[in-house]
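Topology and contacts: notes
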Amino acid sequence: MRYRVHRFDIDMTKDQRALEQFLNSLDGEVVAIIPSVNPKFTVRGAGATVDFLLVVEKSE
């Protein structure tokens, strides 16, 4: 078995449809989706942003 790791740059508020199309276009099985979460401090307190996702695909 072979694994491929794809990087998917994302804006969590706008890219739901693009992520859906990307996942449906993959040939293999999606094994994991790993978000890159970064802390963000705002006036109202702490939060977090997701800059990109790593998508692990298992192919035969």
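Everything in this summary refers to the structure shown in the same document. (Residues numbered from 1 in each chain as written. Predicted model: local features only at pLDDT ≥ 70, side-chain atom pairs only at ≥ 80, totals over all residues. Heavy atoms only, no water.)

The sheet built from three strands is open, its strands ordered 1-3-2 with antiparallel pairing. Either end of the sheet is taken by a strand with one partner, and the two such strands are strand 1 (2-9) and strand 2 (29-42). Strand-to-strand, the axes of this sheet are offset by a mean angle of 25 degrees, without reference to chain direction. Judged from the 12 bridges that link them, strand 2 and strand 3 (residues 45-59) form a sheet pairing that is antiparallel. By the bridge assignment for strand 3, valine 37 is matched with valine 50. Lying over the sheet, helix 1 (residues 16-25) contacts strand 1, strand 2 and strand 3, oriented at roughly 165 degrees with respect to strand 1. (Pairing = 2+ DSSP bridges. Helix = DSSP H or I, 4+ residues; strand = E, 2+ residues; numbered from the N terminus. Axes fitted to C-alpha atoms, helices over the stretch in contact; angles between N-to-C directions. Contact = heavy atoms within 4.5 Å.)

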